[in-house]
Structures are given as structure tokens and as C-alpha cells.
Amino acid sequence: MTLGGLRTQCGELANLSEPFRELVTQAGIRGEVPHAVRCVVERHRVGDELHHAVLAELPLADAGDIWVSWLDSREPHEVERRVYCPVTAGPGIPCELHALHPDGHSWELAERHVTG
Ligand SMILES: [Zn+2]
Ligand SMILES: [Zn+2]
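Residues numbered from 1 in each chain as written. Chains lettered and ligands numbered in written order. Predicted model: local features only at pLDDT ≥ 70, side-chain atom pairs only at ≥ 80, totals over all residues. Heavy atoms only, no water.

(A) The coordination of the zinc ion (ligand 2), seen in detail. For the zinc ion (ligand 2), the full set of protein donor atoms is Cys85 (SG), Cys95 (SG), His101 (NE2) and His105 (ND1), at a range of 2.0 to 2.3 Å. Positions of the donor residues of the zinc ion (ligand 2), expressed as sequence spacing, correspond to C-x9-C-x5-H-x3-H. With a relative accessible area of 11%, His101 lands in the buried category. (Donors = N, O, S within 2.8 Å, 3.2 Å for Na, K, Ca; no water. Buried < 20%, exposed > 50% of the residue type's maximum accessible area, 1.4 Å probe, protein only.)

Shown next as C-alpha cells:
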């Protein structure tokens, strides 16, 4: 979706419940699990397309990140390690999204500032 030619991140907020955070912590993710995450892929249709956010970074640079996915207004239900998108915009400008992300690469998307 484009707004006056400006491509933006989705920015949808998902609160992570205490039971969910405990589950993830027990699954062996190190470090602090956030209380909320925001969708970082390009703004998309809601309802039937998943939101995607990084939950935790992994210590090895090539191991990818731990991502969560969810549908609108629902608790995140998929937690998966996903490798990085292999596309770059040039030296030192990697795409920060996962390899199977929909739509635009991270450098094509402006951050969307959402209140609330
Ligand atoms: Zn989204
Ligand atoms: Zn990409």
C-alpha cells in the first residue's frame, strides 16, 4: 500500500501477554523479551495478512532473528527463527527483514509513527 508515494512500515502494535512472554523465555530466548512489538513489514491489508516483528536477535550474525507473527487483534501465535533477507541496497545496507518477508525491503520503508 502506498500513501502519496511514501512507503511505510505497517507499525501495528501487539502487546505480549505475561504467559506468552514466559513461554518464549522458557523456549530459551536469552535477554529481555519485550512487552510489545510493532510490525516492521510494509503496510499491508489487515485481517488476513500476518503482521511480523522481531522478538529477539540471535548472537550469531548469520543466524537470523527470532520473529513473531500475528493476525490483527490477536495474540502473536507464531514464533520462529528466520534468516535475513539476502537482498542489499549496497555495501553495508542489508535488508533487516526476514528472507520471506512480503513487499518492500527495509530500506524502502519509512518508519511509521503511530500513537497508542
Ligand atoms: Zn503489519
Ligand atoms: Zn528484504
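More follows now that the structure is in view.
(B) Here's a closer look at the coordination of the zinc ion (ligand 1). Within the protein, Cys10 (SG), Cys39 (SG), His44 (NE2) and His51 (ND1) serve as the donor atoms for the zinc ion (ligand 1), at 2.0 to 2.3 Å. What the four donor atoms of the zinc ion (ligand 1) show is an angle range of 100 to 120° at the metal, which sorts the shape as tetrahedral. All donors of the zinc ion (ligand 1) come from a single chain, and their spacing in sequence reads C-x28-C-x4-H-x6-H. Cys39 sits in the buried class, given a relative accessible area of 0%. (Tetrahedral: all angles 85-135°; square planar, octahedral: opposite > 155°, others 65-115°.)

Function cannot be inferred from these measures alone, as they are strictly geometric.
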